[in-house]
Amino acid sequence: MADQALKMATPETHLAFHYLLAKEARMLDEYCYTEWMELIAPEIHYSIPARRSHHIRDHREKGFRKFDTDHYDDDHESLLLRTMRLANPAGVSSNDPRPREIRAISNIEVFAQEMPETYRVNSVIQLVRNRLLDDDSGISGRREDIWRGSVATGFLLVRRTVWISQNTILMPNMASIL
C-alpha cells in the first residue's frame, strides 16, 4: 500500500481534522459560503477530474490519456465567484428553490508532509441533494486534500482533488461544492 511510507499525523492533529471536516461540511450544508472561503488558501487548486472507464489494455497504449478534462478546475478567484453565485441564487432557476444538501464525510486519514505544518488529508464524501418533489440525487467521491497550518493557528485548504465514483453525473445541476 502506497500510504505505508506516509507519516501519520499526531492524534491531536487527526482529531482536529475530524472536527474541521465536519464543520466544513456543515458550513456548506447551511450555505455559509463566506465562512467556508475563510478556510481556503489564496493559492488553492480545487479540481474534480472527469473520469472515464477504461479497459486495462488501454493503459498500455502509447499516448493513452486517463483524463481529458475536469468537471471543476478552480483557483481562488473562480471559487469565490462560484460561492458568491451560490450564496445569492436569485434569478438562477437551477437554485430557486434552493436545494437541500447533506454532506457526510468518512474514512478520514491525516498524514504529515515533509514541509512543516502541511498535511495530506484523505476522506470520502457522500452528497445527498434534493430540490423539488422528484429531484433527489447524490454523488460520492474520494477526496485528496493538502491543508496548511496547525491546531493552534488553524488550517487552510491548499489543494483538493475529488475523484467521484460516477462516470456520469446524473444531477440536473452540479453546482455543489464537494
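Note that this is a predicted model, so its numbers are computed, not measured.

**Quick word on the overall build of the protein chain**
A tally of regular secondary structure across the protein chain gives three helices and seven strands. Start at the N end of the protein chain and walk to the C end: the helices and strands fall as β-α-α-β-β-α-β-β-β-β. Going through the 178 residues of the protein chain one by one, you find that 43% of them count as buried. Within the protein chain, residue pairs in contact and separated by at least 24 positions form 62% of the contacts whose partners lie at least 6 positions apart. Accessible area of the protein chain: about 10,500 Å², with a carbon and sulfur share of 53%.

**A look at the nonpolar core**
Ranked by size, the top nonpolar core spans 33 residues in total, and within it Phe17, Trp36, Tyr46, Val121, Trp147 and Leu178 carry the most contacts. Of all the secondary structure elements, the ones that give two or more residues to this core are helix H1 (11-29), helix H2 (33-37), strand E2 (40-51), helix H3 (76-87), strand E4 (100-112), strand E5 (118-130), strand E6 (136-150) and strand E7 (154-164). Among the elements that make up this core, the one with the highest residue count is H1 (six residues).

**Let's talk about the side chain of His14**
Tracing the backbone through its elements, the reader meets His14 in helix H1. Relative accessible area serves as the criterion here: at 19%, His14 is assigned to the buried category. A polar contact is formed between the side chain of His14 and the backbone oxygen of Ile108, at a distance of 3.3 Å. Beyond its immediate stretch of four places on either side in the chain, His14 contacts Ile108, Glu109 and Val110.

**Concerning the confidence of the model for the protein chain**
Close inspection of predicted coordinates is inappropriate for parts of the model with low pLDDT. The predicted model of the protein chain averages 85 in pLDDT, with 77% of residues at 70 or higher. Here strand E3 (residues 67-74) is the element of the protein chain with the lowest mean pLDDT, 71, and H1 is the one with the highest, 97.

**Overview of the pattern of salt bridges**
Enumeration according to the criterion identifies eight salt bridges in this entry. In this structure, Arg148 and Glu43 form a salt bridge, with 2.3 Å as the shortest nitrogen-oxygen distance. Within this pair, whereas Arg148 is found in strand E6, its partner Glu43 is found in strand E2, the two being separated by 105 residues in sequence. The partly exposed category is assigned to Glu43, whose relative accessible area is 41%. Two residues, Arg160 and Asp145, come together in a salt bridge whose shortest N-O distance is 2.8 Å. Placement of Arg160 in strand E7 and of Asp145 in strand E6 is noted, with a sequence separation of 15 residues between them.

**Notes on the environment of Asn107**
On the secondary structure map, Asn107 appears in strand E4. Considering only alpha carbons, one finds Asn107 and Val124, 17 residues apart in sequence, at a separation of 5.7 Å. In this structure Asn107 touches Asn122, Ser123 and Val124, once residues within four positions along its chain are discounted. A polar atom in the side chain of Asn107 sits 3.2 Å from the side chain of Ser106.

**A closer look at the environment of Ile48**
By the secondary structure assignment, Ile48 is in strand E2. For Ile48, a relative accessible area of 1% gives the class buried. C-alpha separation for the pair Ile48 and Thr161, spaced 113 residues apart in sequence, amounts to 5.7 Å.

**Looking at H3**
For H3, with 12 residues, the first-to-last C-alpha span of 16 Å sits near the 16 Å given by 1.5 Å per residue. Every buried residue of H3 is listed here: Leu79, Thr83 and Leu86. The buried residues of H3 occupy an angular sector of 60° when projected down its axis, which confines them to one face. Facing away from the buried side of H3 by over 90 degrees, the exposed positions are Glu77, Leu81 and Arg85.

What counts and what doesn't
Residues numbered from 1 in each chain as written. Predicted model: local features only at pLDDT ≥ 70, side-chain atom pairs only at ≥ 80, totals over all residues. Heavy atoms only, no water. Helix = DSSP H or I, 4+ residues; strand = E, 2+ residues; numbered from the N terminus. Buried < 20%, exposed > 50% of the residue type's maximum accessible area, 1.4 Å probe, protein only. Contact = heavy atoms within 4.5 Å. Areas by Shrake-Rupley, 256 points an atom, 1.4 Å probe, with all protein chains shown as cover. Core = buried A, V, L, I, M, F, W, Y, C linked by side-chain atoms within 4.5 Å. Polar contact = N/O pair within 3.5 Å; in protein donor to acceptor, adjacent residues only side chain to side chain. pLDDT = per-residue confidence, 0-100. Salt bridge = Lys/Arg side-chain N within 4 Å of Asp/Glu carboxyl O. Expected span 1.5 Å × (residues − 1). Arc of directions from axis to C-beta.

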